[in-house]
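Fold and contact review
So the chains spell out like this:
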Protein chains: 2
Amino acid sequence: MISKEMVTYVQSSSLIRAMFEEGKRLSSIYGPDKVYDFSLGNPNLEAPKEVKEAIIDILSNEADTLVHGYMNNSGYEDVRSTIAESLNKKHGTSFGEKNILMTVGAAGGLNVIFKTLLNPGDEVIVFAPYFGEYRSYTANYHGKLVVVSPNCADFQPNLKEFEDKITQNTKAVIINSPNNPTGVIYSEDTIIKLTEILRAKQQEYGTDIYLISDEPYRELAYDGADVPYLTKYYENTIVGYSYSKSLSLPGERIGYLVIPNEVDDFENVISAANVANRILGFVNAPSLFQRVIGKCIDVETNVEFYDKNRKLLYEGLTKIGYECIKPEGAFYLFVKSPIEDDVKFCNAAKKHNILIVPGTSFACPGYIRIAYCVAYKTIENAMGGFASLMAEAGEELVAASK
Amino acid sequence: MISKEMVTYVQSSSLIRAMFEEGKRLSSIYGPDKVYDFSLGNPNLEAPKEVKEAIIDILSNEADTLVHGYMNNSGYEDVRSTIAESLNKKHGTSFGEKNILMTVGAAGGLNVIFKTLLNPGDEVIVFAPYFGEYRSYTANYHGKLVVVSPNCADFQPNLKEFEDKITQNTKAVIINSPNNPTGVIYSEDTIIKLTEILRAKQQEYGTDIYLISDEPYRELAYDGADVPYLTKYYENTIVGYSYSKSLSLPGERIGYLVIPNEVDDFENVISAANVANRILGFVNAPSLFQRVIGKCIDVETNVEFYDKNRKLLYEGLTKIGYECIKPEGAFYLFVKSPIEDDVKFCNAAKKHNILIVPGTSFACPGYIRIAYCVAYKTIENAMGGFASLMAEAGEELVAASK
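Numbering of residues begins from 1 in every chain and follows the order in which that chain's sequence is written. All chains are assigned letters beginning with A, and all ligands numbers beginning with 1, in the order in which they are written. Per-residue local features are limited, in this predicted model, to residues with pLDDT of at least 70; the limit for side-chain atom pairs, both in listing and counting, is 80 or more; totals at the level of whole chains, interfaces and linings are taken over all residues. Side-chain metrics in this entry use all non-hydrogen atoms of the structure; hydrogen atoms and water are not considered.

1. Overview of the overall build of chain A
Our working definition: Numbering of helices and strands runs from the N terminus, with a helix taken as a DSSP run of H or I at least four residues long and a strand as a DSSP run of E at least two residues long. We take the radius of gyration over the C-alpha atoms and set the globule estimate at 2.2 Å times the residue count to the 0.38 power. Here's how the labels work: a residue is buried when its accessible area is under 20% of the maximum for its type, exposed when over 50%, partly exposed in between, all with a 1.4 Å probe on protein chains only.
Of the regular secondary structure elements, chain A holds 14 helices and 12 strands. Computed over C-alpha atoms, the radius of gyration of chain A comes to 21 Å, within 12% of the 21 Å expected from 2.2 N^0.38 for 402 residues, which places it in the range of a compact globule. Based on the C-alpha atoms only, the size of chain A along its principal axes is roughly 65 × 55 × 55 Å. A burial count over chain A gives 63% of its 402 residues as buried.

Shown next as structure tokens:
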């Protein structure tokens, strides 16, 4: 028998992943060009050519036992130095090798930091809509997820409610900007206010509250939008990063944590995170891709690819009558469901071979998430289906009102 | 502040890893050829040339978005099929794709299966000496490690004590053969008796007891020794495998779990393990190396490399007067410490720039582990140091007896 906890998980397994599997099933029936899979943040964009070049260079010129061997559980020192220097150049920070811990993607990094910090019952605050896996990552260490309800006007976080929900037991706050699923970037004004609240609450309760910035979409910011680097606004900030989106490497599981010197209990956090990386079974981030990152540190993300998709999808859908705010970052459109029941709407979409995820999965019912990290023509070809869905929804609403 | 649990971990962090770091420090002072690092199972052997060829082939011929993209959390279906067929050919089993779950090394696999199975308080039995990380992996899910004391005569498991220690709460038993740290292969006779005990106890208590076979050293068997494939002896067997040793890829974190159809609650175990892989933050095993494994399935392990080291080290040390059983597998020699205090002996060895790990780390004090996955000349050059250590130990014993 599996554990009692896992029984619940198996029953309520990720809707996003279920959609991804459904997409593969439909593709095998109708052909991949007749299925419009907007379910998963799986970039339909090749990794930059520099990645392949780096792999070949490394395999040709570096010692095999180094490239595929064990290193410190925190990662290769030279790669961590390179990352620290790159962050310093971009953000005016002053990180060193010691502040960087290479992780098995951002998901691995978040598990490492929660294992490091959370005592059972500690509270972790998230802002709805939020990436559903945060709930599992917190539960893995018996933390308690505290959800701040969504602000559907502009999807900036609801700061009044946030302030009210901070307690003596608040250990961490997760921020995800550019945001999955809304595509919103938390403004500098938001960040300043949010960190002022945190500082005041730390003082009020005499506790330490860690701000965890989960930012795999950092580079995906459009129209020159600025994404504030949070360690500059709040001392107790830990950054989780992943190359899944910026370099199109989601399957490779490569990312890092930044743990600045200014973080409370720094030496212990660093040591414990290193141990956590090992005992959780990651041991270390995949070695070849650590070395690839060391060589690709200055490679730019192909923002233009996503920006074209963003414009096509946003303009196309709003023209048909869908309502949504224009995303400033990431590669998701968070659209008001034309009918109230977002799960029902996503099921209806399946009949048009369109795979999208209900806002319910992000604790924000009444919305749908459309991941536009797809081929341009997938968006073009899906527009007819989206139009039909809107027409059907209209008929249903008319019928219901009679 | 870090969590209370992690405070303990930071204080008692892995001695093995500490030795590895010490080795790097000493190398930077004395030069790598003057430091004899036998601490970590980090193969000083290049990966087979087929690995590099496979990577270049994959990068040249497979779609980039496939190679680096997300796939099912359990791994690529074609790779899992290839592994299943290879196991069937070798062991006469009848696995299919569904029975294979690709993992972030064996450490990732063990965490996935413990997350899947363990309720708090469930007991996990291990046989001393055992790989110390099993304690952390079990504790991660609030399982209770139950240790069967070592049988220092031949290091086959102590089956009488094993039988006595199985209770109503026993959920799993870990077997590691070829064994780290002893190099012993559990004989077929041992396996038959051990699984008979398990079957009888399952019946007696009306429970299910999973046998977890952690076997990263399966291919490292010398003199034609046979390593029984446990799923053929006991239905409730789950196998954890890693390519860290067989293909010299420890840094790449690539392995798999075998969950046979015959396992109790099979469908739920499979589903839960898939979910556990995701929510623990692994998400999936690194994608490029999954594909490499698909292409390198028939590549043979370079057993000869280790066998030469084994003979040199075993013959060299026994000639000087060290006592140990000749290892049949893996790449460790488990040697009786010339003085009773193994930790003290390992510290004395450091003065000769020899890095070895005390048996205490494996719940077997009075012994030392020497990992011989090193260059041949490292063993040759360290022999003088080992001889001096033996002489010093002799003097100490004489002095103590006066």
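2. Some thoughts on helix α10 (residues 266–279) of chain B
Residues and elements named next belong to chain B. Spelled out, the test is: Multiplying one less than the number of residues by 1.5 Å gives the expected span of a helix.
Its 14 residues place the ends of α10 20 Å apart at the C-alpha level, agreeing with the 20 Å of an ideal helix rising 1.5 Å per residue. The complete set of buried residues in α10 reads Phe 266, Val 269, Ile 270, Ala 272, Ala 273, Asn 274, Val 275, Ala 276, Asn 277, Arg 278 and Ile 279. Looking one or two places after α10, you find Gly 281, whose phi comes out positive at around 100 degrees.

3. A short note on the sheet that holds strand β12 (residues 367–371) of chain A
Residues and elements named next belong to chain A. We count it as follows: Paired strands, as defined in this entry, are two strands with at least two bridges between them according to DSSP.
If you walk across this open sheet you meet the three strands as β9-β12-β11, and the pairing is antiparallel. With partners counted over all chains shown, the strands left at the sheet margins are β9 (332–336) and β11 (357–358), one partner each. Inspection of the sheet shows β9 paired to β12 by five bridges, in the antiparallel sense. If you follow Lys 336 over to β12, its bridge partner there is Tyr 367.

4. Here's the deal with the pairing of strand β2 (residues 100–103) of chain B
On a regular strand, one side chain projects to one face of the sheet and the next to the other, so that they alternate. Residue and element names in this part refer to chain B. Along β2, one buried face is formed by Ile 100 and Met 102 and the opposite face, lined by Leu 101 and Thr 103, is buried too. Direction of pairing for β2 relative to strand β8 (residues 255–258): antiparallel, over a ladder of four bridges. By the bridge assignment for β8, Leu 101 is matched with Leu 257.

5. Some points on the domain arrangement of chain A
Residues and elements named next belong to chain A. To keep it simple, the criterion reads: Domain start and stop positions are those given by an automatic or database domain assignment. Contacts are residue-level and defined by heavy atoms, with any inter-residue pair within 4.5 Å sufficient. Here's the idea: put two parts together, see how much 1.4 Å probe accessible area each one loses, and the total over both is what we call buried area. Any Lys or Arg side-chain nitrogen found within 4 Å of a carboxyl oxygen on Asp or Glu counts as a salt bridge.
When the domains of chain A are assigned, the result is domain 1 (4–46 + 301–401) and domain 2 (49–295). Once you take the C-alpha centre of each, domain 1 and domain 2 turn out to be 27 Å apart. Listed per partner, the contact involves 28 residues of domain 1 and 32 residues of domain 2. Summing both sides of the interface, domain 1 and domain 2 together bury roughly 2500 Å²; the carbon and sulfur share of this comes to 60%. Counting across the domain 1 and domain 2 interface gives one salt bridge. The partner of Asp 223 in a salt bridge is Arg 310, with the nearest N and O atoms 3.1 Å apart. The greatest single-element share of the side of domain 1 that touches domain 2, amounting to four residues, is contributed by helix α12 (residues 303–320).

6. Description of the relation of the copies chain A and chain B
Spelled out, the test is: When the copies are superposed, the least-squares fit takes in the C-alpha atoms of residues with a pLDDT of at least 70 in both.
When chain A is fitted onto chain B, the two copies agree to an RMSD of 0.0 Å after a turn of 180 degrees and an axial shift of 0.0 Å. One copy is carried onto the other by what is essentially a two-fold rotation axis. With an isologous cut-off of 70% or more, the 100% of interface residues of chain A that recur at the interface of chain B puts this contact in the isologous class.

7. Digging into the pairing of strand β5 (residues 170–175) of chain A
All names here are of chain A. The cut-off we apply is this: Consider the strands pointing away from the viewer: the crossover is right-handed when the path from the first strand over the helix to the second runs clockwise.
Among the six residues that make up β5, six are buried, leaving the element largely enclosed by the rest of the structure. The pairing of strand β3 (residues 123–127) with β5 spans three bridges and is parallel. From the neighbouring strand, Ile 125 faces β5, where its bridge partner is Val 173. Pairing between β5 and strand β6 (residues 210–214): four bridges, direction parallel. Its bridge partner lying in β6, Ile 174 is registered against Ile 212. In terms of handedness, the path from β5 via helix α9 (residues 188–205) over to β6 forms a crossover that is right-handed.

8. Observations concerning the sheet that holds strand β11 (residues 357–358) of chain B
Residues and elements named next belong to chain B. Quick reminder of the rule: With axes taken as lines fitted to C-alpha atoms, and helix axes fitted only over the stretch in contact, angles between N-to-C directions fall between 0 and 180 degrees.
Across the sheet, which stays open at both edges, the three strands sit in the order β9-β12-β11 with antiparallel pairing between neighbours. Looking along the sheet, the strands with just one partner apiece sit at the ends: β9 (332–336) and β11. In this structure, β11 lies alongside strand β12 (residues 367–371), joined through two bridges in antiparallel fashion. Within β12, the position partnered with Val 357 by the bridge is Arg 369. Helix α12 (residues 303–320) rests against β9 and β12 of the sheet, and its axis sits at about 10 degrees to β9.

9. As for the interface of chain A and chain B
Put simply, the rule reads: The definition of a polar contact used here is a pair of N or O atoms within 3.5 Å, where within protein one atom must be able to donate a hydrogen and the other to accept one, and adjacent residues in sequence count solely through side-chain atom pairs.
On the chain B side, the residues contacting the 79 residues of chain A number 79 residues. Interface of chain A and chain B: buried area, both sides summed, is about 6200 Å²; carbon and sulfur atoms make up 53% of it. Of all residues in chain A, the largest losses of buried area upon contact with chain B belong to Met 1, Arg 17 and Tyr 70 of chain A, amounting jointly to 12% of the total for that side. Taken together, the links from chain A to chain B amount to six salt bridges. A salt bridge links Arg 278 of chain B to Glu 133 of chain A, with the shortest nitrogen-to-oxygen separation between them at 2.8 Å. For the pair chain A and chain B, the number of links is 49 residue pairs in polar contact (both at pLDDT 80 or more). The set of elements that each furnish at least two residues to the side of chain A that touches chain B consists of α1 (4–11), α2 (15–30), α3 (49–61), α4 (64–67), α6 (105–117), α7 (133–139), α10 (266–279) and α11 (287–295) of chain A.

10. Here's the deal with the nonpolar core
Test applied: Side-chain atoms within 4.5 Å are what join buried Ala, Val, Leu, Ile, Met, Phe, Trp, Tyr and Cys residues into a set we call a nonpolar core.
Counting residues in hydrophobic clusters, the biggest one holds 220 residues, and the most contacted among them are Phe 162 of chain A together with Phe 162 of chain B. By size, the runner-up hydrophobic cluster in this structure holds 66 residues, among which are Tyr 76 and Leu 288 of chain A together with Met 102 and Val 292 of chain B.

11. Structural notes on the environment of Ile 125 of chain A
Residues and elements named next belong to chain A. Relative to the elements of secondary structure, Ile 125 occurs in strand β3. Note on Ile 125: relative accessible area 0%, which makes it buried. Separated by 86 residues in the primary sequence, Ile 125 and Ser 39 have C-alpha atoms spaced 26 Å apart. Non-local contacts of Ile 125, meaning those with residues more than four positions away in its chain, are made with Val 146, Val 148, Phe 162, Lys 165, Ile 166, Thr 170, Ala 172, Val 173 and Ile 174.

12. Some words on the pattern of salt bridges
Scanning the model with the defined rule gives 44 salt bridges over all chains in all. Across the salt bridge formed by Asp 122 of chain A and Lys 171 of chain A, the nearest N and O atoms sit 3.6 Å from each other. Here Asp 122 of chain A, found in the loop between α6 and β3, pairs with Lys 171 of chain A, found in strand β5; they are 49 residues apart in sequence, far enough to count as distant. Of the charged contacts in the structure, one is a salt bridge between Asp 307 of chain B and Lys 311 of chain B, with a shortest N-O distance of 3.4 Å. Here Asp 307 of chain B pairs with Lys 311 of chain B, and both are found in helix α12, just four residues apart, close to one helical turn. The class of Asp 307 of chain B is buried, set by a relative accessible area of 15%.

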